[in-house]
Every structure is written in C-alpha cells, then in structure tokens.
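# Examination of the molecular architecture
Read off the chains here:
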Amino acid sequence: MKFFIETFGCQMNENDTERIQFLLENSGHEQTVDISESDVVILNTCTVRESAKNRQYGHLGNLKKIKNLKKDLLICIGGCAAQDLKQKIIKDFPYVDIVFGTQNIADLPDLINRRISTGRSICSIEDNGFDPELFKVRRKHNFKALVPITIGCDNYCSYCIVPMVRGNERSIEAEKILRTIEELVFDGAVEVTLLGQNVNSYGKNLKKPYTFSELLEKISDIKGLKRIRFMTSHPKDFSNDLIDVVKNKDNIAKHIHLPLQAGSDKILKEMNRNYTRKDYFGIIENIKNKIPDCAITTDIIVGFPGEEKEDFLKTMDMVKKIRFNRAFTFIYSPRAGTRAAGMEDRITMDEKKQWFRQLLEIQNTISFEENNKLIGRRFEVLVEGNSSKNNTLLEGRMENNTIVNFEGESNLTGKIIPVIVKSARTFYVKGKLARDY
Ligand code: SF4
C-alpha cells in the first residue's frame with residue numbers, strides 16, 4: 001500500500017516519523033508525497049499548543065472528505081495528541097481507523113493488518129517500554145541526522161502535557177548512541193542533532209552514571225563528525241562543565257537553545273521550572289564570557305495564569321538585556337490534564353495579545369540587529385538544499401544556527417562550505433559563496 005505522512009510539532013515527532021517510514025517500508029509499503037494516491041494516511045500529531053491542535057482538527061475534517069470519495073482509505077492518528085486523547089479521537093472522528101501512541105510506534109504495521117482483516121477501528125495506546133530498535137529510521141537526508149538520547153520527561157512543568165504523553169525520562173545507553181553515530185558518519189552524516197526533552201539530565205537513570213557533558217565529549221571525538229547540535233536544554237540542569245565542553249570542542253555548534261519561558265520569579269515558580277531569573281542570568285553570563293560568539297535562542301510563554309503586567313515587564317527586561325538571537329514566543333494555552341489548566345487566569349486575551357505583540361516587536365528588532373552584526377563575516381555553512389522561499393537559491397545553516405540563502409549549485413547540498421554574509425533579514429541572512437571555495 002502507499003502511505004502518506006504529515007508531521008506536526010517538534011523534532012522528536014520528526015524523528016518518530018522517520019521511524020514510522022522505516023517500519024512501513026520494511027513491511028512492504030511505499031511512501032508517497034501525493035495524498036490523493038495514498039491508501040493509508042498517517043497524522044503524527046502534537047498536543048503542546050492549541051494552534052497545532054486546531055490545524056490537526058482541520059486536517060481531520062479534510063480527510064473525511066477524501067475518505068467519502070475513497071472508502072478504503074485508512075486514517076491513522078499517532079503522536080502526542082493520540083496518546084493524550086486516545087479513544088476520544090475515534091468517538092469524535094468515527095472515520096478514523098487507527099489510533100496509536102508514542103510508545104508503541106513499532107506496532108503500527110500489525111495494527112494496519114489487523115484493521116484490514118477485522119474491519120474494526122483500533123485504539124492501541126500501549127507502553128511497550130524502551131524500544132531497542134529506536135534508531136532504525138528512514139532518514140530524509142544522509143548528511144544530517146536526528147538522534148534521540150532521552151525519551152520522556154520528569155520535570156512536570158505545570159503547563160506541559162509532555163510527561164503525561166511521553167512518559168518518564170529514560171536515557172539511552174551511551175554505547176548504543178555512540179555506535180549509532182559512528183554508523184551514521186560512516187554512511188555520510190556530517191551533522192547530528194541530539195534530541196531529548198531535557199538533554200542536560202541525560203544519564204541520571206542509567207545503571208552506569210553518565211553526564212550529558214561526558215556523552216557530548218565522547219561524541220565529539222568521533223572521527224569525521226563535523227557538527228553536533230543538541231536540544232532542548234533545561235536551565236535547572238545546565239552545568240558549567242557543559243559550557244566548557246561546547247567551548248573546547250570545535251565540532252560542537254556554538255548555539256544553545258535555552259528556554260526561558262518567563263522572566264518573573266513568581267511565574268517561574270508557578271510554572272514549576274525550578275530556576276530563578278538570577279540563575280538564568282548567571283548561565284547566560286557564563287556562556288557569553290566563555291563563548292562570546294555563541295548564539296542563544298529561547299522559548300517564551302506570554303500570559304501564563306496569574307501573570308500580571310509587572311511580571312510581563314520582567315520578561316521584557318530579560319529579553320532586552322540578554323539579546324537572544326531568536327525567541328520562539330507563544331501565548332499560553334491551557335492543556336487539559338496539566339496543573340496550570342486549573343489555575344485562575346484573570347488577564348484578558350486582548351491584553352495577552354497586546355503583550356505578545358510588544359514582545360515580538362522588541363525580539364524581532366534584536367534578531368535583526370544581531371543578524372546585521374554578521375555582515376561581512378565568513379562562516380562555514382552546511383548546505384541543506386534549495387531555499388524554501390526561493391528555489392533558485394541554496395539554503396544552509398551556519399554553526400550558530402543562522403539560516404543563510406545564497407547562489408550556488410544544488411550539488412553542494414550536504415557539504416560544509418564557506419559563505420560571506422552580505423545582508424541581513426530578521427530570521428535569516430543572505431550571503432555569497434566565498435571566492436576561494
Ligand atoms: S521540561 Fe517542562 S516543558 Fe519541557 S517537556 Fe519537560 S515538562 Fe514539558
């Protein structure tokens with residue numbers, strides 16, 4: 001059968017999609033990028049934000065129309081929203097055939113067979129425990145790869161549904177990660193991104209204790225590996241050792257994504273983040289002192305329950321002082337089942353939107369100014385393919401994660417090449433291939 005997959009949400013979901021592709025292809029199915037010719041449609045869903053949920057519901061509505069025309073089409077829903085809503089999906093959308101969870105992805109080929117042989121819809125949300133075949137995936141590119149190092153999360157931030165849908169944190173054995181990355185490099189990967197909800201707490205549940213800094217150092221020693229990224233870091237577990245490893249190892253990208261979420265201690269406490277604004281400032285100061293060129297990006301939530309204007313202004317103050325290269329900003333949306341969903345929220349949506357616009361305006365100005373500082377400088381860029389905005393240009397990523405568009409031949413894709421930055425925009429820069437390349 002031909003299957004079509006649509007992925008929502010974070011890189012963890014992208015990695016799960018690569019795994020689904022591998023499993024289905026291994027079972028004799030074939031992927032298609034044209035939904036109209038598919039026999040199976042899979043939505044790999046996200047439940048972290050209301051906007052994603054609404055888009056997914058919109059997609060489900062469209063799928064109903066397609067299924068009305070093509071009765072045999074199988075609709076499968078996986079990912080965090082499936083894990084969260086379970087049977088409710090089939091109740092609300094009776095034309096859905098299979099609901100599967102985040103911890104039994106490996107069952108999908110069997111579930112498809114069962115659905116076909118019984119003719120009955122299936123909701124299967126099993127916790128199959130740690131999956132030893134986790135690294136068997138169909139990668140989109142052979143020059144870069146996503147590598148999960150932890151699964152799940154123990155932090156229970158009061159607004160977040162992830163611990164409920166992905167389970168408690170489990171670290172993957174270091175030897176297995178190292179072996180996988182060696183194989184990836186042998187197969188042509190030059191960049192790996194290590195993934196986890198909180199990569200800094202890596203190793204705490206392993207029989208043989210291991211820290212994230214130790215793991216990172218070992219990975220960076222793998223010959224032929226040109227670039228290592230990691231996300232997401234949690235400020236409460238961010239160690240000075242880690243800053244030293246990032247500083248000392250040439251192949252670790254000088255980019256740290258460190259979610260701030262809020263600038264007020266009162267709100268950070270309500271969010272159960274377990275750090276203060278002073279702690280966060282301390283980490284940033286250490287990073288900037290030791291790695292002056294390091295790009296720092298963040299996530300910020302506006303309008304958390306109980307947030308007052310003075311709390312919001314403390315977030316603005318931190319944004320102005322730290323000068324993040326980029327911030328991913330969101331208006332708070334309650335997730336059923338989280339502690340924050342039951343908290344009193346007196347600020348109107350209009351006011352939250354107004355704060356959000358103010359934050360966006362200041363952050364966009366800072367991002368633009370920081371990108372302007374790159375003009376005239378030369379950077380090593382990993383070419384990722386043609387630009388999504390203008391396919392006559394190539395798009396690549398600098399070590400500090402800035403996107404650069406420039407003219408060049410498509411056969412440069414997958415190579416690390418020198419580019420001189422010529423002009424800046426808010427979210428990317430434009431450049432020119434260095435003359436000596
Ligand atoms: S650290 Fe907090 S926000 Fe991140 S996944 Fe865990 S609970 Fe959610």
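See the structure above.
All residue numbers refer to position in the chain's written sequence, counted from 1. With the structure being a predicted model, the display of local features is reserved for residues of pLDDT at least 70 and the display and counting of side-chain atom pairs for 80 or more, all residues being used for whole-chain, interface and lining totals. Only hydrogens and water are removed before side-chain values are computed, so all heavy atoms of the structure are retained for them.

### A few points about the layout of surface pockets
Within this model, the second largest pocket holds a volume of roughly 520 Å³. Cavities and pockets were defined on a 1 Å grid built over protein atoms only: a cavity is a set of grid points that admits a 1.4 Å probe from which the probe cannot escape, a pocket is an open set flanked by protein on both sides within 12 Å along at least five of seven lines, and lining residues are those with an atom within 4 Å of any such point. Contributing to the lining of the second largest pocket are 25 residues, with Asp-293, Cys-294, Arg-377, Phe-379 and Asn-400 lying nearest its centre. In this text, helices come from DSSP runs of H or I with a minimum length of four residues, and strands from runs of E with a minimum of two, each type numbered from the N-terminal end. Looking at the lining of the second largest pocket element by element, the count peaks at three residues for strand 15 (residues 378–386). Charged means Asp, Glu, Lys or Arg here, nonpolar means Ala, Val, Leu, Ile, Met, Phe, Trp, Tyr, Cys or Pro, and polar covers whatever is left, Gly included. Its residues assigned to classes, the lining of the second largest pocket comprises nine nonpolar, three polar and 13 charged. Grid points are joined across faces, edges and corners, and a volume is the space filled by probe spheres set on the points.

### Considering the site of the ligand
If even one non-hydrogen atom of a residue comes within 4 Å of a molecule or strand, that residue is called near it. All residues in the neighbourhood of the ligand are listed as Cys-153, Asn-155, Tyr-156, Cys-157, Tyr-159, Cys-160, Val-162, Pro-163, Gln-197, His-234 and Arg-273. A class-by-class count of the residues in the shell around the ligand yields seven nonpolar, three polar and one charged.

### Let's talk about the sheet that holds strand 3 (residues 40–45)
Two modes of strand pairing occur in sheets, parallel and antiparallel, and in both the strands are linked by backbone hydrogen bonds. In spatial order, the strands read 2-1-3-4-5-6; together these six strands make up an open sheet with parallel pairing. At either margin of the open sheet sits one strand with a lone partner, and together these are strand 2 (30–31) and strand 6 (122–124). At least two DSSP bridges between two strands are required for those strands to pair. Sheet topology note: the strand 1 (residues 2–7)/strand 2 ladder contains two bridges and is parallel. Following the sheet pairing, Lys-2 is matched in strand 2 by Glu-30. Packed on one face of the sheet, helix 1 (residues 11–26) meets strand 1, strand 2, strand 3 and strand 5 (98–100) and runs near 175° to strand 1. The contact rule is simple, with two residues in contact once any of their heavy atoms fall within 4.5 Å. Orientation is described by axes fitted as lines to C-alpha atoms, over the contacting stretch for helices, and by angles from 0 to 180 degrees between their N-to-C directions.

### Some remarks on the pattern of salt bridges
Each salt bridge in this description consists of a side-chain nitrogen of Lys or Arg and a carboxyl oxygen of Asp or Glu lying within 4 Å of one another. Applying the stated criterion to the full structure yields 25 salt bridges. Note that Glu-37 is salt-bridged to Lys-2, the shortest N-O span being 3.6 Å. With Glu-37 in the loop between strand 2 and strand 3 and Lys-2 in strand 1, this pair connects stretches of sequence that are 35 residues apart. Among the ionic pairs, Glu-369 bridges to Arg-323, the shortest N-O distance being 2.8 Å. Of this pair, Glu-369 sits in helix 13 (residues 349–372) while Arg-323 sits in the loop between helix 12 (309–322) and strand 14 (326–331), and the two are 46 residues apart along the sequence. The rule is simple: take the accessible area with a 1.4 Å probe, protein chains only, and divide by the maximum for that residue type; under 20% is buried, over 50% is exposed, in between is partly exposed. A relative accessible area of 35% places Glu-369 in the partly exposed class. Residues participating in the shared-partner salt-bridge network are Arg-323, Glu-369, Glu-370 and Lys-373.

### Brief notes about the sheet that holds strand 18 (residues 416–424)
The five strands are arranged 15-16-17-19-18 in a closed barrel whose pairing can be described as mixed. If you compare each strand with its neighbour and ignore which way they point, the axes differ by 50° on average. Where strand 17 (residues 403–406) meets strand 19 (residues 429–433), two bridges bridge the pair, whose relative direction is parallel. Pairing of Val-404 across the sheet is with Val-429, part of strand 19.

### Concerning the packing of aromatic side chains
Aromatic contacts are taken between Phe, Tyr and Trp rings whose centres are within 6.5 Å, Trp giving its six-membered ring; a plane angle under 30 degrees counts as stacked, one over 60 as edge-to-face, and the others as tilted. Evaluation of the coordinates by the stated rule reveals nine aromatic pairs. Here the aromatic rings of Tyr-57 and Phe-93 are separated by 5.2 Å at their centres, their planes lie at 65°, and the arrangement is edge-to-face. Residue Tyr-57 is located in helix 2 (residues 50–69), and its partner Phe-93 is located in the loop between helix 4 (87–92) and strand 5; the two are separated by 36 residues in the primary sequence. Ring geometry for Phe-304 against Tyr-332: centres 5.3 Å apart, planes inclined by 70°, an arrangement best described as edge-to-face. Here Phe-304 is found in the loop between strand 13 (295–302) and helix 12, whereas its partner Tyr-332 is found in the loop between strand 14 and helix 13, with 28 residues between them in sequence. A single burial state applies to Phe-304 and to Tyr-332, both of which are buried. As a reminder, the over-ring test applies to NZ of lysine and CZ of arginine, requiring each to be within 6 Å of the ring centre and within 35 degrees of the ring normal. If you follow Lys-389 out to its NZ or CZ, it ends over the ring of Tyr-428, 5.0 Å from the centre.

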